[in-house]
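Geometric and topological summary
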Amino acid sequence: MQKKSIHDIGEEVKLLMADDVLKILKELSFGTFIQRIPQSFVDLLNGNYDSALTSVTYVPNIYFLLKSSFRKDKKIIRATLNSYKKHFEKLNV
């Protein structure tokens, strides 16, 4: 094993944006009910209203992790309620 240089910062860097989070949540939520969301996803969604609104349709639990100004928004509340209804209809509850 070779000794690493102090200037070696790794082999690659991956950037994650709010739109990428939406794509990931859409794929992961297909046919499932996601319980836990990584904090880095929530941080990215808290910075983008449109992405936060769309993410609630895929994962309604994310509503409770959003910042308070988003939780007070009527569109996000309505989208969360509709998403819960759709998820519970799929589960036949």
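Use the structure listed above.
Quick caveat, the model's predicted, so the values are computed rather than measured. (Residues numbered from 1 in each chain as written. Predicted model: local features only at pLDDT ≥ 70, side-chain atom pairs only at ≥ 80, totals over all residues. Heavy atoms only, no water.)

1. Description of the overall build of the protein
Within the protein, the secondary structure is distributed over 5 helices and 0 strands. Helices and strands appear in the protein in the N-to-C order α-α-α-α-α. Here the C-alpha radius of gyration of the protein, 17 Å, is well above what a compact globule of 93 residues would show, namely 12 Å. Along the longest, intermediate and shortest principal axes, the C-alpha atoms of the protein span 60 × 30 × 15 Å. (Helix = DSSP H or I, 4+ residues; strand = E, 2+ residues; numbered from the N terminus. Rg over C-alpha atoms; globule rule 2.2 N^0.38 Å.)

2. Concerning the side chain of H87
When you line up the elements, H87 lands in helix α5 (residues 74-90). The exposure class assigned to H87 is buried, which follows from its relative accessible area of 11%. A distance of 2.8 Å separates the side chain of H87 from the backbone oxygen of S83, its partner in a polar contact. Residues in contact with H87, not counting those within four places in the same chain, are T32, F33, T57, Y58 and P60. (Buried < 20%, exposed > 50% of the residue type's maximum accessible area, 1.4 Å probe, protein only. Polar contact = N/O pair within 3.5 Å; in protein donor to acceptor, adjacent residues only side chain to side chain. Contact = heavy atoms within 4.5 Å.)

3. A closer look at the nonpolar core
Judged by nonpolar contacts, the single largest core of 17 residues is most densely connected at L25, I37, L45, I62 and L66. Counting only elements with at least two residues in this core, the list comes to α1 (18-28), α2 (39-46), α3 (49-58) and α5. Excluding residues that lie within four positions of it along the chain, L45 makes contacts with A18, V21, L22, L25, S51, A52, S55, I62, L66 and F70. (Core = buried A, V, L, I, M, F, W, Y, C linked by side-chain atoms within 4.5 Å.)

4. Describing the packing of α3 against α5
Packing of α3 against α5 brings their axes to within 7 Å, and their N-to-C directions diverge by 20°. The orientation of α3 with respect to α5, classified from their angle, is roughly parallel. Contact with α3, carried on its side by Y49, L53, V56, T57 and Y58, involves K75, I76, A79, T80, S83 and H87 of α5 and no other residues of that element. Residue composition of the contact of α3 with α5, grouped by class: 6 nonpolar, 4 polar and 1 charged. (Axes fitted to C-alpha atoms, helices over the stretch in contact; angles between N-to-C directions. Parallel < 35°, antiparallel > 145°, perpendicular 65-115°, else oblique. Nonpolar A, V, L, I, M, F, W, Y, C, P; charged D, E, K, R; others polar.)

Purely geometric numbers; function is a separate question.
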